[in-house]
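Residues per chain, in single letters:
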Amino acid sequence: MKALIYTLLAATLTAAALPPFQRPIMDKNLGPAIPLPNKSPTASKPADSDTIVLSDVLGRDREINIFAGFTRDFAPMSERFDDTSLNTTILAPINSAIMALPRKPWEDPEDYENLGTEAYEGDKGAERARQNLQRFVEAHVVPASPWKEGDKLNTLAGDEIWWETKDGVKMIQPGNIAVSSVASRVYNGEVWILKGVRNYK
Ligand SMILES: *[C@@H]1O[C@H](CO)[C@@H](O)[C@H](O)[C@H]1NC(C)=O
């Protein structure tokens, strides 16, 4: 009985972490619900099998598998993580930080203000959620690696970001978000694990 309750609880938590446009897919196991649009215009260089790249390691770390799951819905991002000619620093918020948010990462208080409780219902709502989630993910992707302390860059979402060391801890700025560890260092970049999330409204 106890085991069943834990299983149900885990299933509920997992479903709760999924945006509206992902939920039906997972339930019915029918593959991607949304067609993956616009391939990146630049000629990408997919990694050959000997080279370990970000796309190989991102899904490996269970601590960040919610964020890793979010990135998979956005083709240009997945391609970037697979591309040996583009370096990237991925700032992956730890699962517990995403679960602790008062709202899901794709929920925008402004959408609720403008559209009410049905902001994410139907096809339009799913598309809105998808765009919000894309912005959330992009705010955690820095298009450079190595990324030196104090180097001000723009995330894929277009906002300025840098990091500095405070008491021996890497802090992402603005926002003072601590980096708990560097999870992976591979050919085309690094995965850092964040204790919090960025640009959350
Ligand atoms: C990309 O990362 C590698 C380390 O894996 C580094 O040697 C190379 O200089 C980086 N390229 C750029 C453009 O930063």
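As the structure is a computational prediction, the values presented were derived from the model and not from experiment.

### Points about the environment of Asp-159
Then step 1. Turning to its location among the elements, Asp-159 is positioned in the loop between strand S3 (153-154) and strand S4 (160-166).
Then step 2. As a C-alpha pair, Asp-159 and Val-142 span 17 residues in sequence and 9.9 Å in three-dimensional space.
Then step 3. Discounting chain neighbours no more than four positions away, the residues touching Asp-159 are Ala-139, Leu-153, Asn-154, Arg-198 and Asn-199.
Then step 4. Polar side-chain contacts of Asp-159 include one of 2.3 Å to the side chain of Thr-155.
Then step 5. Polar side-chain contacts of Asp-159 include one of 2.9 Å to the side chain of Arg-198.

### Some thoughts on the site of the ligand
Then step 1. Taken together, the neighbourhood of the ligand is formed by Asn-87, Ser-145, Val-186 and Tyr-187.
Then step 2. Contact distances for the ligand include 2.3 Å between an oxygen atom and a side-chain N or O atom of Asn-87.
Then step 3. Residue Ser-145 places a main-chain N or O atom 3.3 Å away from an oxygen atom belonging to the ligand.
Then step 4. Considering the ligand on its own, with 370 Å² of exposed area, one finds that the protein chains cover 32% of that surface.
Then step 5. The class makeup of the residues in the shell around the ligand is 2 nonpolar, 2 polar and no charged.

### Considering unusual backbone geometry
Then step 1. Cis peptide bonds are those with omega within 30 degrees of zero, and the linkage from Ser-145 to Pro-146 qualifies with 0°.
Then step 2. Looking at where Pro-146 falls in the secondary structure, it is placed in the loop between strand S2 (141-142) and S3.
Then step 3. Here the bond from Gln-173 into Pro-174 is cis, since omega is -5°, no more than 30 degrees from zero.
Then step 4. Considering the arrangement of structural elements, one finds Pro-174 in the loop between strand S5 (169-173) and strand S6 (177-186).
Then step 5. Even without a glycine there, the phi angle at Asp-167 is positive, about 50°.
Then step 6. Within the secondary structure, Asp-167 is located in the loop between S4 and S5.
Then step 7. Here Asp-167 falls in the exposed class, since its relative accessible area comes to 82%.
Then step 8. Of note in this structure, Asn-176 is not a glycine but carries a positive phi near 55°.
Then step 9. Within the secondary structure, Asn-176 sits in the loop between S5 and S6.

### Points about the pattern of salt bridges
Then step 1. Within the structure shown, the criterion is met by 3 salt bridges.
Then step 2. Of the charged contacts in the structure, one is a salt bridge between Arg-198 and Asp-159, with a shortest N-O distance of 2.9 Å. Of this pair, Arg-198 sits in the segment after strand S7 (189-194) while Asp-159 sits in the loop between S3 and S4, and the two are 39 residues apart along the sequence. Exposure class is identical for Arg-198 and Asp-159. Each is buried.

### Remarks on helix H8 (residues 122-138)
Then step 1. For H8, which comprises 17 residues, the first-to-last C-alpha distance of 24 Å matches the rise-based estimate of 24 Å (1.5 Å per residue) to within 8%.
Then step 2. If you check which residues of H8 are buried, you get Gly-125, Ala-126, Ala-129, Arg-130, Asn-132, Leu-133, Phe-136, Val-137 and Glu-138.
Then step 3. Where H8 is buried, its residues meet helix H4 (65-71), helix H5 (75-82), helix H7 (109-115) and S2.

### Side note on the confidence of the model for the protein chain
Then step 1. For the protein chain, mean pLDDT is 85; residues scoring 70 or higher make up 80% of the total.
Then step 2. Ignoring residues within four places in sequence, the model shows residues 1-9, a span with pLDDT below 50, making 0 contacts including any to other chains.
Then step 3. Contacts of residues 24-40 to residues separated by more than four positions or lying in other chains number 16 contacts, the stretch itself having pLDDT below 50.

About the criteria used
- Residues numbered from 1 in each chain as written.
- Predicted model: local features only at pLDDT ≥ 70, side-chain atom pairs only at ≥ 80, totals over all residues.
- Heavy atoms only, no water.
- Helix = DSSP H or I, 4+ residues; strand = E, 2+ residues; numbered from the N terminus.
- Contact = heavy atoms within 4.5 Å.
- Polar contact = N/O pair within 3.5 Å; in protein donor to acceptor, adjacent residues only side chain to side chain.
- Near = heavy atom within 4 Å.
- Areas by Shrake-Rupley, 256 points an atom, 1.4 Å probe, with all protein chains shown as cover.
- Nonpolar A, V, L, I, M, F, W, Y, C, P; charged D, E, K, R; others polar.
- Buried < 20%, exposed > 50% of the residue type's maximum accessible area, 1.4 Å probe, protein only.
- Salt bridge = Lys/Arg side-chain N within 4 Å of Asp/Glu carboxyl O.
- Expected span 1.5 Å × (residues − 1).
- pLDDT = per-residue confidence, 0-100.

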